[in-house]
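Tertiary structure, described
Below are the chains, spelled out letter by letter.
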Amino acid sequence: RIFLGLRDLTNTPLQSIELTTHLLGNDKMTSTEGVKHLQKSIARLKMLSKILASHEKNIDWSTTNASFNSVHTLEKKLKEIRQHN
């Protein structure tokens, strides 16, 4: 459910950004309208980032690399979870 929630929180702003850039690129939307839509999308992504950042305090940085491949790490953890279920 956590991953579904994360997906939902990212999909809406990403879809809005994609649609807005398409409409702006085809002169179907004014720059003022585009800015409003993009600002809403950015605000939603910032909210998600804030939620995720609140969990950083639970990370033991002494055993975790500060730099890592996010996609690889997520795929690995999901595979581990599936194997335990």
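As a further point, take the overall build of the chain. Check the secondary structure of the chain and you find three helices and zero strands. In the chain, the succession of α and β elements from N to C terminus is α-α-α. Its C-alpha radius of gyration of 17 Å places the chain more than 25% over the 12 Å reference for a compact globule of 85 residues. Principal-axis analysis of the C-alpha atoms places the extent of the chain at approximately 50 × 25 × 20 Å.

Right, let's talk about the environment of K36 for a bit. Topologically, K36 is positioned in helix α2 (residues 31-53). Through-space distance from the C-alpha of K36 to that of T20 is 9.8 Å; in sequence the pair is 16 residues apart.

Bringing a nonpolar patch on the surface into the picture now. On the surface, I2, F3, L74 and I81 cluster together into a nonpolar patch covering about 400 Å² of accessible area. Along the chain, I81 falls in helix α3 (residues 70-84).

In total, this model carries two salt bridges according to the counting rule given. The salt bridge partner of E80 is K77, with a shortest N-O separation of 3.7 Å. Residue E80 and its partner K77 are both found in helix α3; the two are separated by three residues, about one turn of the helix. Residue classification places E80 among the partly exposed residues on the basis of a relative accessible area of 28%. K77 sits in the partly exposed class, given a relative accessible area of 45%.

Turning our eyes to something else, we now look at the side chain of S41. Within the fold, S41 resides in helix α2. Ignoring sequence-local partners within four residues, the contact set of S41 consists of P13, S16 and I17.

Basis of the calculations
- Every chain is numbered independently, its residues counted from 1 as its sequence is written.
- In keeping with the model being predicted, local features are shown solely for residues with a pLDDT of at least 70 and side-chain atom pairs are shown and tallied solely at 80 or more, while totals for entire chains, interfaces and linings include all residues.
- The side-chain values count all of the structure's non-hydrogen atoms but skip hydrogen atoms and water molecules.
- A helix here means a DSSP run of H or I that spans at least four residues, while a strand means a run of E at least two residues long, and both kinds are numbered starting from the N terminus.
- Two things to know: the radius of gyration comes from C-alpha atoms, and the globule rule equals 2.2 Å times the number of residues to the power 0.38.
- Nonpolar side chains (Val, Leu, Ile, Met, Phe, Trp, Tyr) within 5 Å and like charges within 9 Å form the patches, drawn only from residues with over 30% relative accessible area and no salt bridge.
- Calculation of accessible area relied on Shrake-Rupley with a 1.4 Å probe; when residues are assessed, cover is drawn exclusively from the protein chains displayed.
- By salt bridge we mean one thing: a side-chain nitrogen of Lys or Arg within 4 Å of a carboxyl oxygen of Asp or Glu.
- We call a residue buried when its accessible area falls under 20% of the maximum for its residue type, exposed when it is over 50%, and partly exposed in between, using a 1.4 Å probe and counting protein chains only.
- Two residues qualify as a contact provided that any one of their heavy atoms is within 4.5 Å of a heavy atom in the partner residue.

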